[in-house]
Amino acid sequence: MDWGNILGNAVGEIISPTTAAYALAAIGLGVHFGYTGLLNFGQAAFLLIGAYGFAIPTLAGAPLVVAVLCAIACSVIFAFILGIPTLRLRADYLAIVTIAAAEVVRYIVTTTGLTDFTGAANGLSGFKGTFAAINPIPAGTYGFGPFTYNEYDWWIRIVGWVLVALASVLVFLLMRSPWGRVVKGIREDEDAVRSLGKNVYSYKMQALVIGGGLGSIAGIIFILPRAVQPANYTTGLTFFIWTIMLLGGAATIFGPIVGSMIFWVVLSLTQGILYGAIESGALPFVSTTQAGQIRFILVGVALMLLVIFRPQGIFGNKKELSFSV
Amino acid sequence: MIAGIRIGHGVRLATMLLAMLALCLGIVLGSGALAASASTAPAPTPTPTESGDFTTTYTIGGILRDGDTLIEGAEITVAGAGGYSEVATTDDTGRWSVAVPAKGDYTVTLDPESLPDGVQLRDPDKASAVVSATEWQTNTITRSFPLGADTRQTTGFFEQFLQRLVAGLNFGLLIALAAIGITLIFGTTGLNNFAHGEMVTFGAIIAWIAAVLLGINIFIAMLIALVLGGVFGYLNDWLLWKPLRKKGVKLVQAMIVSIGLAIALRYLYLFFIGGDTKTMSVGLSDAVALGPVRITTGSILSMIISVVVLVLVGLFLTRTRIGKATRAVSDNPSLAAASGIDVDRIIRIVWVLSGALAALAGVMLALYRQVSWDMGFQVLLLMFAAVTLGGLGSAYGALVGSIVVGLFVELSTLFIPPDLKYAAALVVLIVVLLVRPQGILGRKERIG
C-alpha cells in the first residue's frame, strides 16, 4: 500500500474546490435548517440551478458577471416558487415538497426535449473560458507536496475558499443582527415570534432565498473543475450536504467548513485504504467497484450515529440544538 | 376515532376500485379491435468498408429502399467544409457510398427528383440529413432516407388513453400497497420513514433470489418475500426505532436517521447484487390483448393481488381488535396507552405489517419493471407524494393519493415526454399543497 499517495490525496481534499463547494452549500443549508429550522431537503436543486444558470448563459456567450448574476437570479426565483406553497406548512411537509421539487428540476434538465439547452443526460461542458480568462496567476505549476496544482486549479481553489470565507462572515453578521435573532426565534418557537408581530412567513422566505443563493454559488464552484452532469444532482447530493452540515454542527459558523473537510478527507482515506487493501490482496472478496460502495454504506451509518448520539455536531451547542419537532 | 372512520372509508373505496376495475375490463372486452403494433422502418445495413486499401478511407453511405423494393439510380449529394461536394448514385442493390476526405461535418441530401416515379420520401421535409464530426467513432457512417407511405400504424388517442389508464391503475395500486405502510407508521409513531423504499427493494431482491436464482415458483417466492419482509420490518423496529423511542429521539432527528438507514441499506444492496438491472423472467410477461389494451399476465395478477390485499388490510383495521387498537394509537397514543392498549406492541405490529406490504409491493414492482438496487428509492418519492396528497396519516387518503399519482404518472405521457412522467406527478403534489395544504382527504389541523 502506498501510504504516501493515500495520505497525499486525502490531505489534498482539504482545500479541493469540491470541498469548498460542499462547504458553501452546507453554509446555505445551515441558514435554512440550523438557524431558521426549515427542513430543506432540496439543496441539490439550488446547486443544479446555480450550475445550469451559470453554464447556459456562458455557453451562449454571456460574460462572467452576467452568468453569475443569472445563476443567483434563477435560484432566487426557484426559492420563491418553492417557498410560496410550502413555508406555511408543517416541517415534514416542507421536507417532502422540497425533495420532490429538487427531483422535478433534475427530471426537467435531463429530459431529451431540452437537449439543445441542457444537453439532457450528457450535461454541459466547455464553459470554463470566461472564468479562466480573468485568472491573474501566470501559467505554470505552483505549490509543494500534495498541494501542487497548475494555475487554473489554484485559481478555482482561491476563488472557492474566498467565497466560503465571505459567506461565513455574511452568515456570522446576519445571525448577530436583529434579523438573525428573529429567524432563530422562529426556529425555537414560531408562534411566540408571530405573537410579537413579526411576519414569520416573510422571514422564512428571506432565509430560504439567502441559503438558496449560497447553494447556487456553491453550484458554480462545484462545476468549475468538472462538467455539468445531471446525474450529480440526485437526492444523494442533498443527503451528503446534510451529513456535512450535521457533522460540523448545524447552527455554527465553522461547522459546515470543517464538516466538509472531514467528510472529504475521510472519503478519500477510506477509498485509498480500501483500494490499497484490495490491490495487495487483503480483501479477496471485494472488487474496487464494491469498495466505492462500502464508503457510502459508511456515510449512511455515520449519518445515523451522528444524529442519534451527537445531533449538535462537532462544534454545536447542545442548547442550540434545533431538533424542536 | 377519526382515523377509524377514515380507514372504514378505505374498505368502501377498495370495493369501489374493484367495481372500477370490472368496468374497465368490461369496456376492454366490449370493443373488439386489436391493439395495433408498430412496424418499424427497415434498418439500413452498414456499407462494408473497402479492404485492400492501406490508407484509411472515411465513407458515408447507406441503402435506399421502399419497403422491400431496392431503389436504383437515385442521386445523393454529400457536402462538407471547404466547398467539398460529391454526388453518389445508388446501384442495383440500392447501395450508395461516398468516400470523404476527413472526419468532419457533412450534409447528406437526397434529390427527390431522381427517385423513380411513384416513390416519394415518407417525410418530404427530411430530404437531407446531417453527419456531425463527433459521430466518427468508426470509419463508416450510415444515413437512411425512409421512403414510401408512412406504414407505421399509430394507435388512436382513445386506445392509448385506455392503455395508460390500466397501467396507471396498476401502478397506483402498487404504490398504495407500500404507501399504506408509510401512512400507518406515520400515524402511530409520527415518523416519516425515508427507508421505506429500501423495504420495497428488499422484497423485490428476496423474490428475485428465490424465483430466479433458486428457481422457486413465483407464488411461493412471493410468500417468502412477504414473510421475510415482515421479519425485516420487525427487525427495523426492534433494533433501531424502539431503542430510539426509548431514548426520546425527536421526530426530525428520527427522520434523518431513516435517511441514513436508507443510504446504508441502498448501498448494501448495491454491494451485494451489483448495479445492473436483474430480469425477473418468471413466465408472467406474456402480453394479453384485452380489446385495445395490451396487458401482461403479471400486471393482471399484480392488480388482483393488490386489490385483495388492500381489502384485507381495510378489514383488518376496521374489524379486528388489533386493527382497532392501531387506529386508537394513531389517534392518540397517550389515551390509547391509558385505556390499556400496549402501544409498543401495536407499533411493532404496524412495522411488521408495513414491512410485509412493502415487500409485496416490491415483488409486484419487480414483475412490472425488473429488479435494481435503487428501485425502491425511485418510487419512494411517489409514495410520499401519494401519502401527502391524500393527507399524511390517513390510510384512506393514502389509497386515493396513490391511485391519483399512479394515474397521473401514466396518463401524463399522453401529453408530455415520457421521461418527465415522474416530474408531472411531483408537480401535482406541489400544486395540490398550494390549493389544499392538508391533502385531498386530510384534516386541517394536521398541517400545523
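Rules of the game
Residues numbered from 1 in each chain as written. Chains lettered and ligands numbered in written order. Predicted model: local features only at pLDDT ≥ 70, side-chain atom pairs only at ≥ 80, totals over all residues. Helix = DSSP H or I, 4+ residues; strand = E, 2+ residues; numbered from the N terminus. Buried ≥ 20, exposed ≤ 12 C-beta atoms within 10 Å, placed from the backbone. Contact = placed C-beta atoms within 7 Å. Pairing = 2+ DSSP bridges. Axes fitted to C-alpha atoms, helices over the stretch in contact; angles between N-to-C directions. pLDDT = per-residue confidence, 0-100. Nonpolar A, V, L, I, M, F, W, Y, C, P; charged D, E, K, R; others polar. Parallel < 35°, antiparallel > 145°, perpendicular 65-115°, else oblique. Left-handed = near helix turned anticlockwise from the far one by under 90°. Expected span 1.5 Å × (residues − 1).

### Quick look at the overall build of chain B
Line of reasoning, step 1. Within chain B, the regular secondary structure consists of 12 helices and 11 strands.
Line of reasoning, step 2. Each of the 448 residues in chain B was classed as buried or not, and the buried ones make up 46%.
Line of reasoning, step 3. Partitioning the contacts of chain B with sequence separation of at least 6, the portion at a separation of at least 24 is 75%.

### A word on the sheet that holds strand β5 (residues 85–89) of chain B
Residue and element names in this part refer to chain B.
Line of reasoning, step 1. The strand order across the open sheet built from four strands is β5-β4-β7-β8, with neighbouring strands paired in antiparallel fashion. What marks the edges here is a single partner per strand, and that holds for β5 and β8 (128–131). Neighbour to neighbour, the strand axes of the sheet diverge by 20° on average, direction disregarded.
Line of reasoning, step 2. For strand β4 (residues 75–80) and β5, the ladder comprises five bridges, and the chain directions are antiparallel. When the sheet's bridge partners are listed, T77 is paired in β5 with V87.

### Focus: the environment of R294 of chain B
Line of reasoning, step 1. Position of R294 of chain B among the secondary structure elements: in strand β11 (residues 293–296).
Line of reasoning, step 2. Taking the C-beta count within 10 Å as the criterion, R294 of chain B has 18 such neighbours and is therefore assigned partly exposed.

### Structural notes on the confidence of the model for chain B
Residues and elements named next belong to chain B.
Line of reasoning, step 1. Taken as a whole, chain B shows an average pLDDT of 79; of its residues, 83% reach a score of 70 or greater.
Line of reasoning, step 2. The secondary-structure element of chain B with the lowest mean pLDDT is helix α1 (residues 2–30), recorded at 42, while helix α3 (residues 196–213) shows the highest, at 94.
Line of reasoning, step 3. When the criterion is pLDDT under 50, residues 1–55 qualifies, and its contacts beyond four places in sequence or with other chains add up to 89 contacts.
Line of reasoning, step 4. This complex was scored by the predictor with a pTM of 0.76 and an ipTM of 0.87.

### Some words on the interface of chain B and chain A
Line of reasoning, step 1. On the side of chain A, 40 residues touch chain B, which itself brings 37 residues to the contact.
Line of reasoning, step 2. Elements represented by at least two residues in the side of chain B that touches chain A include exactly α5 (251–273), α10 (375–390) and α12 (421–435) of chain B.
Line of reasoning, step 3. Ranked by residue count, the leading element in the side of chain B that touches chain A is α5 of chain B, at 15 residues.
Line of reasoning, step 4. Here the side of chain B that touches chain A is built from residues that sort into 30 nonpolar, five polar and two charged.

### With respect to the sheet that holds strand β9 (residues 140–142) of chain B
Residue and element names in this part refer to chain B.
Line of reasoning, step 1. With mixed pairing, three strands are arranged side by side in an open sheet as β6-β1-β9. Of all the strands in the sheet, just β6 (95–100) and β9 have a single pairing partner and so form its edges. Pairwise comparison of adjacent strand axes, ignoring direction, gives a mean angle of 20° for this sheet.
Line of reasoning, step 2. Looking at chain direction, strand β1 (residues 58–63) and β6 are connected through six bridges and run antiparallel. Paired with I60 across the two strands is V98, which belongs to β6.

### A closer look at the packing of helix α6 (residues 297–319) of chain B against helix α9 (residues 343–369) of chain B
Residue and element names in this part refer to chain B.
Line of reasoning, step 1. Between α6 and α9, the least distance of the axes is 9 Å, while the angle of their chain directions is 160°. On the basis of their axis angle, the class for α6 and α9 is roughly antiparallel. Crossing handedness for the pair α6 and α9: left-handed. Between α6 and α9, the contacting residues are G298, S299, S302, S306 and V309 on the first element and L360, M364, L367 and Y368 on the second.
Line of reasoning, step 2. Across the contact of α6 with α9, the residue classes break down as five nonpolar, four polar and no charged.

### Observations regarding the pairing of β11 of chain B
Residues and elements named next belong to chain B.
Line of reasoning, step 1. Across the two faces of β11 the burial differs, with V293 and I295 buried and R294 and T296 not buried at all.
Line of reasoning, step 2. The sheet contact formed by strand β10 (residues 287–290) and β11 spans four bridges and is antiparallel. Considered in β11, the bridge of V288 is made with I295.
Line of reasoning, step 3. Here β10 folds back onto β11, and the loop between the two strands holds two residues, one of which, G291, carries a positive phi near 60°.

### Examining α12 of chain B
Line of reasoning, step 1. Here α12 of chain B spans 22 Å end to end across 15 residues, near enough to the 21 Å set by a 1.5 Å rise per residue.
Line of reasoning, step 2. Those residues of α12 of chain B lying buried are Y422, A423, A425, L426, L429, I430, V432 and L433 of chain B.
Line of reasoning, step 3. Buried residues in α12 of chain B make contact with α4 (64–86) and α5 (91–110) of chain A together with α10 and α11 (395–411) of chain B.

### With respect to α5 of chain A
Line of reasoning, step 1. When the terminal C-alpha atoms of α5 of chain A are compared, their 29 Å separation across 20 residues agrees well with the 28 Å that a helix rising 1.5 Å per residue should span.
Line of reasoning, step 2. Among the 20 residues of α5 of chain A, 17 are classified as buried, and the element is accordingly described as predominantly covered.

### Observations regarding the environment of R319 of chain B
Residues and elements named next belong to chain B.
Line of reasoning, step 1. Considering the arrangement of structural elements, one finds R319 in helix α6.
Line of reasoning, step 2. Residue classification places R319 among the exposed positions, given that 11 C-beta atoms sit within 10 Å.
Line of reasoning, step 3. For the pair formed by R319 and T138, sequence separation is 181 residues and the distance between their alpha carbons is 69 Å.

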